[in-house]
Amino acid sequence: MTGLRFAIVDVFSATPLAGNALCVVLDRCPPELMASIAREMNLSETTFPQVTGPGAYEMRIFTPSTELPFAGHPSLGSAWALGPGAWTQTTSGARVAVTAEADGARLLAPEPELAELSGAVAEQAVAAVGLEPKSVEAVVRATAGGISHLLVATTQAIGGLAPSPDRVRRASIAAEAMSIAPFARRGTARLHARVFAPAAGVSEDPGTGSAAGSIGVLAGRLWDLDTELVIEQGAEIGRPCLLEVSLAGRQPQVGGRVTLCAQGTLRLDRLLTS
């Protein structure tokens, strides 16, 4: 083998060049090359799925700077790139059911553990993203699949937030979270979210499936919302996403549209052996 086939798909969008871009490496890749390939692609995540049996695959997920135990949009985009059907996906952080269809995918997300925070850690996070303290209704660390996000429910419009990545990184580390995710209502069935994750090498993520389920669960508890929600994310950085969240069961279901943007081969002749 002298090359690795890959596809770039845009998740949470019906059209290319929007949504959250993902690189899926479709051929078996030597583990020692995975982090370097993710840095080369320089997308929010690059995945390395390996089919292990009928309807099942194992996968590793990398940002440009670190490996993740689980992530939402990489799960949806990878299953979609592998082909339609019901898949069982196993990563180091979770085993989840993902269903891929012609125009999108959905997953049954791990049930989140929600822990409300207060005091200096919560205040640092609120200040780091530039929210007015009086607008904040809850600061909650949500953990699912080995990933923690610090969710901040607010009544303040969040479109104009422009936080310092360094302040957000320090506040995230203090809260033991990968990101800080402020969100606000846009109606009984619609939310607006932003996810700042410089601690994972991503200043702002366009569409965060691993946070969406937890955001939906928390919003439902706070505001008595519909069980079928749409979360808007990513427009502020030119990558608008629509994330669909269902709260019908104990575990949230997260889904969205997926579209192919590019495909090709990584020419790594000197690094790969047949």
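A brief look at the structure comes next. Quantities reported herein were computed from a predicted structural model and do not represent experimental measurements.

## Quick notes on unusual backbone geometry
Of note, the phi angle at Phe12 is positive, near 70 degrees, even though the residue is not glycine. Secondary-structure assignment places Phe12 in the loop between β1 (3-11) and β2 (20-25). The phi torsion at Glu176 lies on the positive side, around 55 degrees, for a residue other than glycine. Considering the arrangement of structural elements, one finds Glu176 in the loop between α4 (165-174) and β12 (179-185). Assessed through its relative accessible area of 61%, Glu176 is described here as exposed.

## Describing the environment of Ala21
Turning to its location among the elements, Ala21 is positioned in strand β2. For Ala21, a relative accessible area of 12% puts it in the buried group. It is 25 Å that separates the C-alpha atoms of Ala21 and Val217, two residues lying 196 residues apart in sequence.

## Description of the pattern of salt bridges
Tallying each qualifying case throughout the model produces 12 salt bridges. In this structure, Arg239 engages Asp10 in a salt bridge whose closest nitrogen and oxygen atoms are separated by 3.0 Å. Highlighted residues: Arg239 in the loop between β16 (228-233) and β17 (241-246) and Asp10 in strand β1, separated in sequence by 229 residues. The shortest N-O distance in the salt bridge between Arg190 and Glu232 comes to 2.4 Å. Of the two residues, Arg190 is situated in strand β13 (residues 190-193) and Glu232 in strand β16; the sequence distance between them amounts to 42 residues. On the accessibility criterion, Arg190 (31% relative accessible area) is partly exposed.

## Comments concerning helix α3 (residues 119-129)
Along an α-helix, residues three or four apart share an orientation, since each turn contains 3.6 residues. Turning to α3, its buried residues number three or more, namely Ala122, Ala125, Val126, Ala128 and Val129. Seen end-on, α3 carries its buried residues on one side only, within an arc spanning 165 degrees. Facing away from the buried side of α3, by more than 90 degrees, are the exposed residues Ala120 and Glu123. At the exit of α3 stands Gly130, carrying a positive phi of roughly 85 degrees.

## What to know about the state of the cysteines
Per the stated rule, a full pass over the model turns up 0 disulfides. Of all cysteine sulfurs in the structure, the one in Cys29 sits closest to Cys23, which takes part in no disulfide; the separation is 10.0 Å. Relative accessible area serves as the criterion here: at 0%, Cys23 is assigned to the buried category.

Thresholds applied
- Residues numbered from 1 in each chain as written.
- Predicted model: local features only at pLDDT ≥ 70, side-chain atom pairs only at ≥ 80, totals over all residues.
- Heavy atoms only, no water.
- Helix = DSSP H or I, 4+ residues; strand = E, 2+ residues; numbered from the N terminus.
- Buried < 20%, exposed > 50% of the residue type's maximum accessible area, 1.4 Å probe, protein only.
- Salt bridge = Lys/Arg side-chain N within 4 Å of Asp/Glu carboxyl O.
- Arc of directions from axis to C-beta.
- Disulfide = S-S within 2.5 Å.

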